[in-house]
Amino acid sequence: RALGLSGFSFLVYDHILTFDEEVKFVWQAPWTVTKVTFLANRYGNLIAQGSVHVTESGWVVNNSQELCRRFNTFVSIHMLLGSESIHILVLLRAWAIWGCERRMATRLISAYVVYLLILLGTT
């Protein structure tokens, strides 16, 4: 429990430390796919990690099998969306570094689709 709380505390601390820069560089920028993905990842993780910590710490006690099933589904979806949104942000950044060329976008998307197919094929 203490380890989970310390990790969540670092996440909140990071949000507090970087919030002024986030407002300056992210919130005032035009709305793009990259901005939406970044914000969904940043705040989705904060909310989801908070929910996971509250549940796993024992602050919410419920012996329901249904709650357990829903919690496991929530955690699985959260982990998938969190990791894939990071992959997408890296791909968008790589595409920007290469000058937003259509040919490079095709290569990056193709490589990502192959990665997803391999990932799905091995699970």
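Quick caveat: nothing in here was measured; it's all calculated off a predicted structure.

**Quick notes on the overall build of the protein chain**
Thought 1: In terms of helices and strands, the protein chain carries four helices and zero strands.
Thought 2: Moving toward the C terminus, one meets the helices and strands of the protein chain in the order α-α-α-α.
Thought 3: The C-alpha radius of gyration computed for the protein chain amounts to 18 Å, which surpasses the reference 14 Å derived for 123 residues by more than 25%, pointing to a less compact arrangement than a globule.
Thought 4: With the C-alpha coordinates of the protein chain rotated into their principal frame, the extents come out at 55 × 40 × 25 Å.
Thought 5: Here the analysis covers contacts within the protein chain between residues at least 6 apart in sequence; of these, 57% occur between residues at least 24 apart.
Thought 6: Of the roughly 9,200 Å² that the protein chain leaves accessible, carbon and sulfur atoms contribute 69%.
Thought 7: Positive and negative side-chain charges of the protein chain, numbering 10 and 8 respectively, have mean locations separated by a distance of 7 Å.

**Some points on the environment of I109**
Thought 1: Note that I109 resides in helix α4 (residues 102-121).
Thought 2: Along the sequence, I109 and L92 sit 17 residues apart, while their C-alpha atoms lie 9.9 Å from each other.

**Notes on a nonpolar patch on the surface**
Thought 1: Together, L5, V54, W59, V60 and L67 make up an exposed nonpolar region whose accessible area comes to about 440 Å².
Thought 2: Structurally, W59 is set in the loop between α2 (33-56) and α3 (65-97).

**Describing the packing of α2 against α3**
When two helices pack together, their arrangement is given by the angle between the helix axes and by the axis-to-axis distance.
Thought 1: In contact at an axis separation of 9 Å, α2 and α3 are set at 150 degrees when each is read in the N-to-C sense. On the basis of their axis angle, the class for α2 and α3 is roughly antiparallel. When you trace α2 past α3, the crossing you get is left-handed.
Thought 2: In terms of residue class, the contact of α2 with α3 is built from 11 nonpolar, 11 polar and one charged.

Calculation criteria
Residues numbered from 1 in each chain as written. Predicted model: local features only at pLDDT ≥ 70, side-chain atom pairs only at ≥ 80, totals over all residues. Heavy atoms only, no water. Helix = DSSP H or I, 4+ residues; strand = E, 2+ residues; numbered from the N terminus. Rg over C-alpha atoms; globule rule 2.2 N^0.38 Å. Contact = heavy atoms within 4.5 Å. Areas by Shrake-Rupley, 256 points an atom, 1.4 Å probe, with all protein chains shown as cover. Lys, Arg positive; Asp, Glu negative; His and termini not counted. Charge placed at Lys NZ, Arg CZ, Asp CG, Glu CD. Patch = residues over 30% accessible without salt bridge, like charges linked within 9 Å, V, L, I, M, F, W, Y side chains within 5 Å. Salt bridge = Lys/Arg side-chain N within 4 Å of Asp/Glu carboxyl O. Axes fitted to C-alpha atoms, helices over the stretch in contact; angles between N-to-C directions. Parallel < 35°, antiparallel > 145°, perpendicular 65-115°, else oblique. Left-handed = near helix turned anticlockwise from the far one by under 90°. Nonpolar A, V, L, I, M, F, W, Y, C, P; charged D, E, K, R; others polar.

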